[in-house]
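What follows is the residue order along each chain.
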Amino acid sequence: MSALYVSGMPFKLLDESTSLQYDGKVALASGVQAAVIKATYHPGKHANHSTQDAWCYYFDADDGQFYGSLVHHPPTYAYIENMEVDTTTHMQFPKHRKSYRSDSACTSSS
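The text that follows walks through the structure, step by step, so that each part is easy to find. (Residues numbered from 1 in each chain as written. Predicted model: local features only at pLDDT ≥ 70, side-chain atom pairs only at ≥ 80, totals over all residues. Heavy atoms only, no water.)

Attention now moves to the nonpolar core. Among the nonpolar cores identified, the biggest contains ten residues, and these are V26, L28, A34, V36, C56, Y58, Y67, L70, Y77 and Y79. Breaking this core down by element, the ones donating at least two residues are β2 (33–40), β3 (54–59), β4 (66–73) and β5 (76–86). Core analysis: the second largest hydrophobic core is formed by eight residues, L13, Y57, V71 and A78 among them. (Core = buried A, V, L, I, M, F, W, Y, C linked by side-chain atoms within 4.5 Å. Buried < 20%, exposed > 50% of the residue type's maximum accessible area, 1.4 Å probe, protein only. Helix = DSSP H or I, 4+ residues; strand = E, 2+ residues; numbered from the N terminus.)

Time to look at the side chain of D60. Mapped onto the elements, D60 comes out in the loop between β3 and β4. Look at D60: it is buried, it has no salt bridge, and the nearest opposite charge is K25 at 7.8 Å. At a separation of 2.8 Å, a polar atom in the side chain of D60 contacts the side chain of Y67. D60 has contacts with Q65 and Y67, leaving out every residue within four places of it along the chain. (Lys, Arg positive; Asp, Glu negative; His and termini not counted. Salt bridge = Lys/Arg side-chain N within 4 Å of Asp/Glu carboxyl O. Polar contact = N/O pair within 3.5 Å; in protein donor to acceptor, adjacent residues only side chain to side chain. Contact = heavy atoms within 4.5 Å.)

Across the sheet, six strands lie side by side as β1-β2-β3-β4-β5-β6; this open sheet has antiparallel pairing. Bordering the open sheet on either side are β1 (19–27) and β6 (93–102), each of which pairs with just one other strand. Here the average twist between neighbouring strands, direction ignored, is 25°. As paired elements, β5 and β6 share nine bridges and run antiparallel to each other. Directly across from E84, in β6, lies its bridge partner H96. (Pairing = 2+ DSSP bridges. Axes fitted to C-alpha atoms, helices over the stretch in contact; angles between N-to-C directions.)

Counting across every chain of the model gives four aromatic pairs. Judged by centre distance (6.0 Å) and plane angle (65°), the ring pair of Y58 and Y79 falls under edge-to-face. Note that Y58 is positioned in strand β3 and Y79 in strand β5, a separation of 21 residues in sequence. Neither residue differs from the other here; Y58 and Y79 are each classed as buried. A centroid spacing of 5.2 Å and a plane angle of 35° characterise the contact between F59 and F66, whose relative ring orientation is tilted. A network of ring pairs unites the aromatic residues W55, Y57, F59 and F66 as a single cluster. (Phe/Tyr/Trp six-rings, centres within 6.5 Å; stacked < 30°, edge-to-face > 60°.)

This part is about the environment of V71. The residue V71 is located in strand β4 in this model. Along the backbone, V71 and W55 are 16 residues apart, and their C-alpha atoms lie at a distance of 4.6 Å. Residues within four places of V71 in sequence aside, it is in contact with D53, A54, W55, T76, Y77 and A78.

What follows deals with the pairing of β3. The sheet contact formed by β2 and β3 spans six bridges and is antiparallel. Of the residues in β3, the one forming a bridge with A35 is F59. Pairing geometry for β3 and β4, over five bridges, is antiparallel. Residue pairing for β4: Y58 is matched across the bridge by G68. Counting the residues between successive antiparallel strands, the hairpin from β3 to β4 contains six residues, one of them, G64, with a positive phi of roughly 80°.

The values are spatial; any link to function lies outside them.
Below, the structure written as structure tokens:
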């Protein structure tokens with residue numbers, strides 16, 4: 001299911017029924033400062049939403065580079081970091097990703 005998620009998620013963020021919230025900036029483990037966008041989905045109201053999990057997406061505030069995401073799958077969180085991006089087309093897709101189990105939410109630090 002990862003390939004479906006990676007290719008479809010940018011479009012799901014544009015879905016008018018997705019609730020988006022800017023959560024400030026946070027320092028990622030790699031040391032970069034990232035802007036945090038929290039996306040919440042509502043499967044009870046919208047048939048195209050499959051889960052009510054809240055996702056946090058980490059972007060470069062200046063150029064929009066997508067660093068990774070974090071999702072709460074109770075009782076833990078999963079942090080997915082983009083290690084390498086495929087730039088062979090006009091679209092950028094994660095080429096190499098790593099996933100980590102985490103115990104904290106995507107809260108902002110500034």
